[in-house]
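# Tertiary structure, described
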Amino acid sequence: MQADATPVHELDPFSDETLTAPEAVQDAIRQTGPVVWLSRYGVWAMAGHGEVHAALNDWQTYSSASGAGLPNLKREKGWRSPSIILEVDPPDHTKTRLVLSRIMSPAALRTIRDAFQAEAEALVGRLIDMRRFDAATEIAQAYPLRVFPDALGLDGDGRENLLPIGDLNFNGFGPQNARFEASLAKAKPLLPWLAAKCGRGHLRAGSFGAQIYEAADRGDLTEDEAGLLMRTFLLAGIDTTVGGLGNAVHCLATHPGEWAKLTEGPALSRSAFEEALRFDSPVQIFFRTATRDTEVGTVLIHKDEKVLLMLGGANRDPARWERPGVFDIERKAAGHVAFGYGIHGCVGQMVARLEGELVLGEMAKRIRTLNLDGEPRRNLNNTLRSFASLPVVIEPK
Ligand code: HEM
């Protein structure tokens, strides 16, 4: 039971309206207090940068072991078994994290850079041939679906399955509403395909996937754990960057002054992508579960209660950012929590940044104008923000 003085909201972070334009709910929660009780779901919510950042940095109090979503995985069975990196605390987390961080090292990134650059050049060549196209499918989906499974060492077969499976995964971090049920019905027939792709199969030598199984050969992981880490990569590494690229292209197409700056200085592509991640964060929320009674301001969060961390809200907090609602590609966006923070901070963030930098950079070098060519349509998902359709028209330089 919550005490009378507890700030309570009936707001719904998972309604179509909120998912279409989340800022009003983020602002309302932030303005009400450092932590607010959401009566519809029986969870706490934080939307201030200071609070979200502090919670992400305190895994001892804010645990991931009951799941990074709304369902409490210790009591409820999810649509999949828990992740052995995202949904565990130390010491279990430490072991799997080490394996993945070694694989995603700066040296590894240098090895994929040339291939990612060549794909970005080919992609922009195709865009220039088309002139009018849907940037949601032709850029945001096409590029990650090409480069990331390649880097993992997978063959080409069935890659498009990763999109509905990813949609299910990110809906699964929210309530089991109609949106979740619909994505489950769509993705369920594809799950045997996913399981097959997580196996040793015929992974290309030297790929990220092959290195996961080499860790198993060394005894750092069991064979089953290697399969689960492959699954984590496939679930975490596609839809997130699809969201990131699509949101970034949308920001640039709707802010002609910023697009002009980028075309004049394509080297700004990295900072443009970073600002887009802050301004329109692909992963809007994750949850934690309190391991003990803890006070935040005047509010007492009880042990085992879920806490919704609004990453997107923290990235728009006026106490942290000057003019947070302004998209400014020259802003120092470092410090945003779009990749999380602390021990679970995104292990693939350098890959995501590489994709953003190369695609936006190549576009800026060769495209003069970028404009909307129709009404964009969001893909509404319980936790991930992306576009179903983003019609644009371009003129080459
Ligand atoms: C723009 C793209 C991306 C965004 C916005 C993003 C966002 C995030 C966030 C917010 C977390 C923190 C989760 C938490 O604290 O509970 C996270 C963790 C993670 N991400 Fe990403 N991610 C992106 C791309 C990627 C890519 C490309 C990969 C794979 C190469 C990846 C793999 C992971 C993994 C494995 C974790 C779990 C890390 C852990 O629990 O220690 N992500 N990501």
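Residues numbered from 1 in each chain as written. Predicted model: local features only at pLDDT ≥ 70, side-chain atom pairs only at ≥ 80, totals over all residues.

### Considering the overall build of the protein
If you tally the helices and strands in the protein, you get 16 helices and 13 strands. Radius of gyration (C-alpha) of the protein: 21 Å, near the 21 Å computed for a compact globule of 397 residues. Projected onto its principal axes, the C-alpha coordinates of the protein cover approximately 60 × 50 × 40 Å. Residues counted as buried form 48% of the 397 residues belonging to the protein. In the protein, the share of contacts with a sequence separation of at least 24, taken over all contacts with a separation of at least 6, comes to 73%. (Helix = DSSP H or I, 4+ residues; strand = E, 2+ residues; numbered from the N terminus. Rg over C-alpha atoms; globule rule 2.2 N^0.38 Å. Buried ≥ 20, exposed ≤ 12 C-beta atoms within 10 Å, placed from the backbone. Contact = placed C-beta atoms within 7 Å.)

### A short note on the site of the ligand
Not every one of the 27 residues close to the ligand is listed here, only the nearest: Gly237, Gly244, Gly340, Cys346 and Gly348. The residue makeup of the shell around the ligand, split by class, is 17 nonpolar, nine polar and one charged. (Near = placed C-beta within 6 Å. Nonpolar A, V, L, I, M, F, W, Y, C, P; charged D, E, K, R; others polar.)

### A short note on the pairing of strand S9 (residues 306-310)
When a strand is regular, its side chains alternate between the sheet's two faces. The element S9 is largely enclosed, with a buried count of five among its five residues. Side chains of S9 alternate between two faces, with Lys306, Leu308 and Met310 and Val307 and Leu309 buried alike. With three bridges connecting them, strand S3 (residues 43-46) and S9 associate as parallel partners. When the bridges of S9 are listed, tryptophan 44 appears paired with valine 307. Taken together, the five bridges between strand S6 (residues 285-290) and S9 define a ladder with antiparallel strand orientation. Bridge pairing in S9 places arginine 288 opposite valine 307. (Pairing = 2+ DSSP bridges.)

### With respect to the pairing of strand S12 (residues 386-389)
Relative to S12, strand S11 (residues 377-379) runs antiparallel, the two being bridged by three bridges. By the bridge assignment, asparagine 379 is partnered in S12 with serine 386. In textbook terms, the turn of a hairpin is the stretch between consecutive antiparallel strands, and for S11 and S12 this stretch comprises six residues.

### Some details on the sheet that holds strand S5 (residues 132-134)
In space, the three strands of this open sheet follow the order S5-S13-S10, with antiparallel pairing throughout. The sheet terminates laterally at S5 and strand S10 (367-372), the two strands that pair on one side only. The average undirected angle you get between the axes of adjacent strands in this sheet is 30°. Sheet strands touched by helix H6 (residues 135-152): S5 and strand S13 (391-396). Its angle to S5, the strand with the most contacts, is close to 65°. (Axes fitted to C-alpha atoms, helices over the stretch in contact; angles between N-to-C directions.)

### Structural notes on helix H16 (residues 349-366)
Every α-helix carries 3.6 residues per turn, so stepping three or four residues along brings you back to the same face. Here H16 is 18 residues long and its end C-alpha atoms lie 26 Å apart, about the 26 Å a rise of 1.5 Å per residue gives. Summarising burial for H16: 13 of the 18 residues are buried, a large majority. (Expected span 1.5 Å × (residues − 1).)

In short, shape yes, function no, at least from these values alone.
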